[in-house]
Amino acid sequence: MRPAFSVIFFTVSSGAGLGLMFWLSLARLSHAGTASAQWWTGAFAAALLITAGLISSTLHLANRKNAWRALSQFRTSWLSREGVLAVLLYPLAAVFLWAVHAQVQPLVSLLGAVLAVLALATLYCTAMIYACLKTIPRWHNWQTRLAYPLFGLMSGAVIMLAFVPQARPFAGPLALAFLALGALLKLSYLLRFGEGKAHQHDINQALQPLRKQQAGQVRLLDVGHSAGTFLTHEFMFEVARERARTVLAAMWLLAFVLPALIIALAPHWAALAGLCCLAGLLCER
């Protein structure tokens, strides 16, 4: 599929913001009293990342004034569920931040837990937009369902180290653990769908959900058109092999290796680790 950069940016930016919100919310559950200035800076960064991602998600629409219609199919569409949950975050986060400022600890604990669950649910909805498509085996798998929440939590944990330095004794090992889990998940995906395995899926596998009780093989008799179309332009996108290898190498280096080395050896450069992680996830997408 030909990727729209606005969607790539949206999934990475909002995913990191939701992950950061998740960890910041959990950080307030067990801490009474005034939040530090660094915590407030992290909360602002989470809101900025989520908002930038949501705005970016509308840039690839042909008719942007109808973007609100994406919220009207909550019962049947994962895209609609994602949008509704993302919008619901804002009023809840506003009340949560007020409770933190006013030091209303019971409300802080309640809304902190709700926001953490809501952030995870939104990340899962993003994953299911792709994982629910049975005709695309590269997306319809458990790795896709797990990747978006895991990478969001991973990047959020790495970024939190930059904004909340006092959390490093706890957040440092946590970020390293999530970087290791993210690398293992990506490795398992590449072993299944990586280079050299691109042609293991054909039209018969794509139609399998529709022909479970039928025998025989399906073959294409006529392409139906003699020139390029919207479908061939959008869904027959291939990256040159050398460029694909370069992007893959950059992904491993930026998303996993460099952030882990920086966190382990130079934690005071945590901001650089966060930027590397975001750049690597852009390559991953």
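Remember, predicted model here, so these are calculated numbers, not experimental data. (Residues numbered from 1 in each chain as written. Predicted model: local features only at pLDDT ≥ 70, side-chain atom pairs only at ≥ 80, totals over all residues. Heavy atoms only, no water.)

Just to check I follow, could you spell out the overall build of the protein for this structure?
From N to C terminus, the protein includes ten helices and zero strands. Ordered by position in the sequence, the α and β elements of the protein form the string α-α-α-α-α-α-α-α-α-α. Within the span of the protein, comprising 285 residues, buried residues form 39% of the whole. Taking the intrachain contacts of the protein between residues at least 6 apart in sequence as the baseline, contacts between residues at least 24 apart amount to 72%. Carbon and sulfur atoms make up 69% of the accessible area of the protein, which totals about 15900 Å². (Helix = DSSP H or I, 4+ residues; strand = E, 2+ residues; numbered from the N terminus. Buried < 20%, exposed > 50% of the residue type's maximum accessible area, 1.4 Å probe, protein only. Contact = heavy atoms within 4.5 Å. Areas by Shrake-Rupley, 256 points an atom, 1.4 Å probe, with all protein chains shown as cover.)

Please explain the nonpolar core as it appears in this structure.
Most often, soluble globular proteins keep nonpolar side chains buried together rather than apart. In terms of nonpolar packing, the biggest core is built from 58 residues, with Trp23, Met154 and Phe256 touching the most fellow members. Taken together, the elements giving at least two residues each to this core come down to α1 (5-29), α2 (37-56), α3 (78-102), α4 (105-131), α5 (142-163), α6 (168-193), α9 (241-265) and α10 (270-284). Of the residues forming this core, the biggest block, ten residues, is contributed by α5. In contact with Phe256, other than residues within four places in its own chain, are Phe151, Met154, Leu179, Gly182, Ala183, Lys186 and Met251. (Core = buried A, V, L, I, M, F, W, Y, C linked by side-chain atoms within 4.5 Å.)

Would you take a moment to explain unusual backbone geometry for this structure?
Negative phi is the rule for most residues except glycine; trans is the rule for most peptide bonds. Despite not being glycine, Gln103 shows a phi value in the positive range, around 60°. With respect to the element layout, Gln103 can be found in the loop between α3 and α4. The exposure class assigned to Gln103 is partly exposed, which follows from its relative accessible area of 45%.

For this particular structure, what's the right way to read the packing of α1 against α10?
Between α1 and α10, the shortest axis-to-axis distance is 9 Å and the interhelical angle comes to 140°. With respect to each other, α1 and α10 are oriented oblique. In this structure, α1 crosses over α10, and the sense of that crossing is right-handed. Contacts between α1 and α10 pair Ile8, Phe9, Val12 and Ala16 from the former with Leu278, Leu281 and Leu282 from the latter. Looking at the contact of α1 with α10, its residues break down into seven nonpolar, no polar and no charged. (Axes fitted to C-alpha atoms, helices over the stretch in contact; angles between N-to-C directions. Parallel < 35°, antiparallel > 145°, perpendicular 65-115°, else oblique. Left-handed = near helix turned anticlockwise from the far one by under 90°. Nonpolar A, V, L, I, M, F, W, Y, C, P; charged D, E, K, R; others polar.)

Teacher, can you tell me more about the packing of aromatic side chains here?
The description of an aromatic ring pair uses the distance of the two centres, along with the angle that the planes make with each other. Summed over the entire model, instances satisfying the criterion amount to eleven aromatic pairs. Seen from their ring centres, Phe22 and Trp23 are 4.9 Å apart, and the 85° between their planes marks the pair as edge-to-face. Between Trp78 and Tyr124, the aromatic rings sit 5.8 Å apart at their centres with planes inclined by 80°, giving edge-to-face as the arrangement. You can see Trp78 sitting in helix α3 and its partner Tyr124 sitting in helix α4, a full 46 residues away along the chain. Joined through ring pairs, the aromatic side chains of Phe22, Trp23 and Phe178 make up one cluster. Seen from the ring of Trp39, Arg28 lies directly overhead, with NZ or CZ sitting 5.8 Å from the centre. Taking the ring centre of Trp78 as reference, the NZ or CZ of Arg81 above it sits at 4.6 Å. (Phe/Tyr/Trp six-rings, centres within 6.5 Å; stacked < 30°, edge-to-face > 60°. Lys NZ or Arg CZ within 6 Å of the ring centre and 35° of its normal.)

Which parts of the structure should I look at to understand α6?
Compared with an ideal rise of 1.5 Å per residue, which puts 26 residues at 38 Å, α6 spans 36 Å between its outermost C-alpha atoms and is within 8% of the ideal. Within the sequence span of α6, burial applies to Ala171, Gly172, Leu174, Ala175, Phe178, Leu179, Gly182, Ala183, Leu185, Lys186, Tyr189 and Phe193. (Expected span 1.5 Å × (residues − 1).)

Quick question: what am I supposed to make of the side chain of Ser57 here?
Along the chain, Ser57 falls in the loop between α2 and α3. For Ser57, a relative accessible area of 18% gives the class buried. A polar contact of 2.6 Å, which involves the side chain of Ser57, links it to the backbone oxygen of Leu54. Here Ser57 is in contact with Ser6 and Phe10, once residues within four sequence places are set aside. (Polar contact = N/O pair within 3.5 Å; in protein donor to acceptor, adjacent residues only side chain to side chain.)

Help me understand α3 in this model?
Residues three or four positions apart in an α-helix share a direction because the helix packs 3.6 residues into each turn. Over its 25 residues, α3 extends 36 Å from the first C-alpha to the last, a length consistent with the 36 Å expected when each residue adds 1.5 Å. Inspection of α3 places Ser80, Arg81, Glu82, Gly83, Leu85, Ala86, Leu89, Ala93, Phe96, Ala99 and Val100 among the buried residues, and these make up the whole buried set. Looking at where α3 begins, the residue whose side-chain oxygen comes 3.2 Å from the main-chain nitrogen of Leu79 is Ser77. The first or second residue beyond α3 is Gln103, which carries a positive phi of 60°.

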